[in-house]
Amino acid sequence: MLRITGLKKSYKRLGVLRNLNMSIDKGDVYGLIGTNGCGKTTTMNIICNIIPKDDGCIEFQKNDVKIGYLPEMPALYGYMSGFEYLDYIGACCDYSGDIKARTSEVLNLTGMIDDAQRQISGYSRGMAQRIGIAAAIYANPELLILDEPTSALDPQGRAEVMEIIRRLAAAGSTIILCTHILPDVERVANKVGIIRHGVMAVEGRLPEIIKMFGGTMALYVQLRYAPVATDPLCMIDLVERSEIGYGGVTLYAKPGVSEGELYYKVITTLAENSVLPEYIGFRRLTLEQIYIGINNDMIRPTTPVYG
């Protein structure tokens, strides 16, 4: 669907995108993540041709790909009702079918049909986001770009928006989801790209990314008596780093250290210090742990995927 190579963009002397590579296949739900200022929104604006690139290549699968875009803060006309606004969107995008029927269709899809007669100014943030998504998908785009669609929403609003994304994905939509809420990415995305300092640090299918960091294992030990008891565990020579939390410690093995080696060393260290664990077991690294580790240079993949 979309391939980006060597994308560069600067604002005066500030280089935002330095050499970005990115690949999205048809039907992907692509989770685009990174710190504030890393270039996510700039990338989306360039894809949508809102701003020009300085250098690089953006290739679509075919010419004239139809794109739907929901910005982080969609500008809606508060004096209109949901019906009126979406009818207006249909006229603006020169929708070739029955506008009234399509308006009802996208309102049903986004769960807004019962509130469509109300003025947008009276909508909650979640309702406004759903109307924004309805506008973004109105013309049946081949690529849908969503910038922070669940930001500032309560749990109920988040759940509603994520369910809409699931429905669109099940229908075969190609979606770029940009969000800081990483559990949402894990729920719906099948591919992830992590931007760091204007380049793509890691990109791949989520199981592949987890596998890339397979040499960095996490062993969680919940202790009956903490935090002093965590000290000997953190000093184990097989451990690259540790994170002390409430009542326990997460230990990350050095590259090349097997699960058995680390587990045995932890058990013997606990025994030597007369410490009884309440729980001990390996945990799969989450996307959040990988993201934080990459951005703080704490973990590196076992295969060379840095941009």
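In the block above lies the structure referred to throughout.
These numbers come from a predicted model, not from an experiment.

**Considering the packing of aromatic side chains**
(1) Moving on: This model, assessed by the stated rule, comprises 6 aromatic pairs.
(2) Moving on: Residues Y77 and Y79 carry aromatic rings whose centres are separated by 6.0 Å and whose planes lie at 40° to one another, so their mutual orientation is tilted.
(3) Moving on: Of note, R241 hangs over the ring of Y252, and the distance from its end group to the ring centre comes to 3.8 Å.

**With respect to helix α4 (residues 125-136)**
(1) Moving on: Helix length check: α4, at 12 residues, gives a terminal C-alpha distance of 16 Å against a target of 16 Å (1.5 Å per residue), a fit within 8%.
(2) Moving on: In terms of burial, α4 is a largely internal element, 11 of the 12 residues being buried.
(3) Moving on: Taken together, the buried positions of α4 are G126, M127, A128, Q129, R130, I131, G132, I133, A134, A135 and A136.
(4) Moving on: The inward-facing, buried residues of α4 abut β5 (67-70), α2 (82-92), α3 (99-109), β6 (143-147) and α5 (155-170).

**Section: the side chain of S23**
(1) Moving on: Within the secondary structure, S23 sits in strand β2 (residues 14-24).
(2) Moving on: Taking the relative accessible area as the measure of exposure, S23 reaches 12% and is therefore buried.
(3) Moving on: Here S23 is in contact with L2, R3, Y30, K191 and E203, once residues within four sequence places are set aside.

**What to know about the sheet that holds strand β8 (residues 191-196)**
Consider a sheet: its strands pair through backbone hydrogen bonds, and that pairing is either parallel or antiparallel.
(1) Moving on: Strand order across the open sheet formed by 6 strands is β5-β6-β7-β3-β8-β9, with mixed pairing between neighbours. The open sheet terminates on both sides in strands that have one partner only, identified here as β5 and β9 (199-205). Each neighbouring strand pair of the sheet contributes to a mean axis angle of 15°, computed without reference to strand direction.
(2) Moving on: Helix α1 (residues 40-47) rests against β3 (29-34), β5, β6, β7 (174-178) and β8 of the sheet, and its axis sits at about 150° to β6.

Thresholds, definitions, all that
- Residues numbered from 1 in each chain as written.
- Predicted model: local features only at pLDDT ≥ 70, side-chain atom pairs only at ≥ 80, totals over all residues.
- Heavy atoms only, no water.
- Phe/Tyr/Trp six-rings, centres within 6.5 Å; stacked < 30°, edge-to-face > 60°.
- Lys NZ or Arg CZ within 6 Å of the ring centre and 35° of its normal.
- Helix = DSSP H or I, 4+ residues; strand = E, 2+ residues; numbered from the N terminus.
- Expected span 1.5 Å × (residues − 1).
- Buried < 20%, exposed > 50% of the residue type's maximum accessible area, 1.4 Å probe, protein only.
- Contact = heavy atoms within 4.5 Å.
- Pairing = 2+ DSSP bridges.
- Axes fitted to C-alpha atoms, helices over the stretch in contact; angles between N-to-C directions.

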